[in-house]
Amino acid sequence: IPPWSEAYHLKKIVLRMYWDNEPSPSVETPIGDFFGLGLGTYTVFQSALVAVLPDQALNSYFPMPFRKHGRITMTNEGSKGVSDYYWNIDWVRVPSLPSSTAYLHAEYRQCAPCQGWYKGNFYGNDFEEAHKDPRWLNRSGEGNYVILEARGNGQFVGVTFSIFENQWGGWNEGDEIIWIDGEREPRIHGTGGEDYFNFAWGFTKMFSTPLVGLTEFTGWEPGSRFSLYRWHLEGPIRFKHDIKVTIEDGHANLRSDNIYSVAY
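Residues numbered from 1 in each chain as written. Predicted model: local features only at pLDDT ≥ 70, side-chain atom pairs only at ≥ 80, totals over all residues. Heavy atoms only, no water.

Draft legend 1. Structural view of the overall build of the chain. Each helix and strand in the chain was counted, giving three helices and 18 strands. Whereas a compact globule of 264 residues would reach a radius of gyration of roughly 18 Å, the chain reaches 19 Å, a difference of no more than 12%. In terms of overall dimensions, the chain has a C-alpha envelope of 65 × 45 × 30 Å along the principal axes. Residue burial in the chain is summarised as follows: out of 264 residues, 47% are buried. For the chain, contacts bridging at least 24 residues in sequence account for 70% of all contacts bridging at least 6. Put simply, the chain shows about 14,100 Å² of open surface, and 52% of that area lies on carbon and sulfur atoms. Charge centroids of the chain, computed over 23 positive and 32 negative side chains, lie 6 Å from each other. (Helix = DSSP H or I, 4+ residues; strand = E, 2+ residues; numbered from the N terminus. Rg over C-alpha atoms; globule rule 2.2 N^0.38 Å. Buried < 20%, exposed > 50% of the residue type's maximum accessible area, 1.4 Å probe, protein only. Contact = heavy atoms within 4.5 Å. Areas by Shrake-Rupley, 256 points an atom, 1.4 Å probe, with all protein chains shown as cover. Lys, Arg positive; Asp, Glu negative; His and termini not counted. Charge placed at Lys NZ, Arg CZ, Asp CG, Glu CD.)

This is how it looks when you write it as structure tokens:
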């Protein structure tokens, strides 16, 4: 897709994938978000499952098995045409697939903005008052941003995650909280966004590794941009009946940022 196309065309071109003649797509997401570009602009990075290379080259290495029929579509839902677009798909025919073979799914979600409960100043006495609010202790997970909610037997492979900050400070004080197979208590309750994405003491510079990366970072003031990914390949998160993967926007969801994500 050429860079001179419509602005933010990565948010306006929709990728869909259908396996074995299913009526609804197993994958439905803006093309940019699927490749970790959730804020609609190009950044170059490499990971185990997706890579964005010069120039505007979007690459995916997910296994995408199907038994009889696979269909991948791209739909331009923007206001301008796309003059140049090409693709290359490699596939191999095998005699059969094991009955336990899983299909690829990808779930896009957003809140723009999220509806945080704290409207005061993030400096000074106002912020100290927030500590006294009963909502400061988020025991139930109510109001968390939902990355994935699914039923069935499967594996949470990972997430691409983008933030546009609407307030000063750090969304990353929000914890990831994950429930598996109907358990009342979360299986995983993390300690903050930078920890989930394997950083420490906030974010300071961009990086990309096979399993985790920060591919866009512009600071901490209103208007700051973050794009990240994490793949759970070294420690698979499996579920037999259902799963709910969430994260707080700031501590106990006190913030009101724009969040965009794709769960795989």
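Draft legend 2. Quick look at the side chain of Asn144. Tracing the chain through its elements places Asn144 in the loop between helix H2 (124-130) and strand S8 (145-151). A polar side-chain atom of Asn144 sits 2.9 Å from a polar atom in the side chain of Asn138. When residues no more than four places from it in sequence are discounted, the contact partners of Asn144 are Asn138, Ile177, Thr246, Ile247, Glu248 and Asn253. (Polar contact = N/O pair within 3.5 Å; in protein donor to acceptor, adjacent residues only side chain to side chain.)

Draft legend 3. Here's a closer look at a nonpolar patch on the surface. A surface patch of nonpolar side chains, about 440 Å² in accessible area, is lined by Ile72, Tyr85, Trp87 and Ile89. Relative to the elements of secondary structure, Ile72 occurs in strand S6 (residues 70-76). (Patch = residues over 30% accessible without salt bridge, like charges linked within 9 Å, V, L, I, M, F, W, Y side chains within 5 Å. Salt bridge = Lys/Arg side-chain N within 4 Å of Asp/Glu carboxyl O.)

Draft legend 4. Spotlight on the nonpolar core. The biggest cluster of nonpolar side chains holds 28 residues, and the ones touching the most others in it are Ile147, Phe156, Phe161, Trp171, Phe203 and Ile243. Among the secondary structure elements, those contributing two or more residues to this core are S8, strand S10 (158-164), strand S11 (176-180), strand S14 (212-217), strand S15 (225-231), strand S16 (237-239), strand S17 (242-247) and strand S18 (258-263). In this structure, Leu10, Leu37, Leu104 and Tyr229 belong to the second largest nonpolar core, which totals 22 residues. (Core = buried A, V, L, I, M, F, W, Y, C linked by side-chain atoms within 4.5 Å.)

Draft legend 5. Just the sheet that holds S8, in detail. Pairing is antiparallel in the open sheet, where four strands are placed in the order S8-S17-S11-S12. A single partner strand is all that each edge strand has here, and the edge strands are S8 and strand S12 (188-189). Of the pairings in the sheet, the one linking S11 to S17 comprises five bridges and is antiparallel in character. Its bridge partner being in S17, Ile180 is matched across the sheet by Ile243. (Pairing = 2+ DSSP bridges.)

Draft legend 6. Representation of the sheet that holds strand S5 (residues 57-60). As summarised here, the arrangement of the three strands in space is S3-S4-S5, forming an open sheet in which the pairing is antiparallel. If you trace the sheet from one side to the other, it starts and ends with strand S3 (45-46) and S5, each paired once. By the bridge criterion, four bridges tie strand S4 (residues 50-53) to S5 in an arrangement that is antiparallel. Each residue of the ladder has a partner; that of Val52, found in S5, is Leu58.

Draft legend 7. Structural context of the state of the cysteines. Enumeration over the complete set of coordinates arrives at one disulfide. Disulfide pairing places Cys111 opposite Cys114 at an S-S distance of 1.8 Å. Residue Cys111 shares its accessibility class with Cys114, and that shared class is buried. (Disulfide = S-S within 2.5 Å.)

Draft legend 8. Here's a closer look at the environment of Trp168. Summarising the element assignment, Trp168 is placed in the loop between S10 and S11. The exposure class of Trp168 is partly exposed, given its relative accessible area of 38%. Sequence spacing of Trp168 and Tyr123 is 45 residues, and the spatial spacing of their C-alpha atoms is 9.0 Å. Not counting chain neighbours up to four residues away, the residues in contact with Trp168 comprise Phe122, Tyr123, Trp220, Glu221, Pro222 and Arg255.

Draft legend 9. Just unusual backbone geometry, in detail. Cis rather than trans, the peptide bond between Pro54 and Asp55 has omega equal to -15 degrees. Looking at the secondary structure, you find Asp55 in the loop between S4 and S5. A cis amide bond, omega 0 degrees, links Ala112 with the succeeding residue Pro113. Its place among the elements puts Pro113 in the loop between strand S7 (106-111) and H2.

Interpretation in functional terms is not warranted from these geometric data alone.
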